Amino acid sequence: MVDFDVVELPETDHVEAGETAPEFTRPLVTAEFWEDRSLSSLLENGPVLLVAYPMDGAFPATYVWNEIADRGWTDAIDVVGIGISTPYEHGTLLEERDVDVRLFSDPGAGVLEKYGVTNDLDGMAGIVDARPAVFVIDEDRTVRYAWVSAEHPEFPPYDAIGEAVDDLTA
């Protein structure tokens, strides 16, 4: 068993429930291809569960996507991820994990910064990763539920997210 130190993360001024989700356009990746898409274009088809997660290949990414798949949320809501990994890395993650989601690629972390969910990676200068976070966003771009990690590693409160998804999609 691997032993992990729990690290408290600094406070963040992140997007909260009731606020408008920042608009953005980034490459949206599937296992087969990617294309530039905006958040609002996804919301035209219904609410979105936006999941910020650490770079592909990191153990938290694997755990988060496995749990989301096990809970079957993709049947109820459009689940999309966002992370700093490139479209190529996202494609590999989707193929290897066989996860039925799409992933926004944000290597410069500009979108993650707008949402207030960046984390300096292991104190390395200029290297920023996604702080685990989940936003349930309705068609009007209103954030209905927000959770942002306060420590690393920390995993989302899956039951609370499931309730937020159910409330919005019922």
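Scroll up for the structure.
The rules behind these values
- Residues numbered from 1 in each chain as written.
- Predicted model: local features only at pLDDT ≥ 70, side-chain atom pairs only at ≥ 80, totals over all residues.
- Heavy atoms only, no water.
- Helix = DSSP H or I, 4+ residues; strand = E, 2+ residues; numbered from the N terminus.
- Buried < 20%, exposed > 50% of the residue type's maximum accessible area, 1.4 Å probe, protein only.
- Contact = heavy atoms within 4.5 Å.
- Pairing = 2+ DSSP bridges.

**Re unusual backbone geometry**
Moving on, step 1. Backbone geometry places Ala-109, a non-glycine residue, at a positive phi of 65°.
Moving on, step 2. Mapped onto the secondary structure, Ala-109 falls in the loop between strand 6 (102-105) and helix 4 (110-115).
Moving on, step 3. Positioned with a positive phi, Arg-141 is a non-glycine residue whose angle comes to about 70°.
Moving on, step 4. The topology assignment puts Arg-141 in the loop between strand 9 (133-137) and strand 10 (143-148).
Moving on, step 5. Judged by relative accessible area, which is 23%, Arg-141 ranks as partly exposed.

**Describing the environment of Thr-74**
Moving on, step 1. Relative to the assigned elements, Thr-74 resides in the loop between helix 2 (59-71) and strand 5 (78-83).
Moving on, step 2. Taking relative accessible area as the criterion, Thr-74 reaches 30% and is therefore assigned partly exposed.
Moving on, step 3. Sequence-wise, Thr-74 and His-14 are 60 residues apart; in three dimensions their C-alpha atoms are separated by 25 Å.
Moving on, step 4. The contact partners of Thr-74, leaving out residues within four places of it in the chain, are Val-79, Asp-100 and Val-101.

**Thoughts on the pairing of strand 3 (residues 34-38)**
Moving on, step 1. With 5 bridges joining them, strand 2 (residues 25-29) and strand 3 adopt antiparallel strand pairing. Note on strand 3: the bridge partner recorded for Thr-25 is Ser-38.
Moving on, step 2. The loop that links strand 2 with its antiparallel partner strand 3 comprises 4 residues.

**Notes on the environment of Asp-159**
Moving on, step 1. Topologically, Asp-159 is positioned in helix 5 (residues 158-169).
Moving on, step 2. Taking the relative accessible area as the measure of exposure, Asp-159 reaches 54% and is therefore exposed.
Moving on, step 3. Spatially, the C-alpha atoms of Asp-159 and Arg-71 are 9.6 Å apart, while their sequence positions differ by 88 residues.

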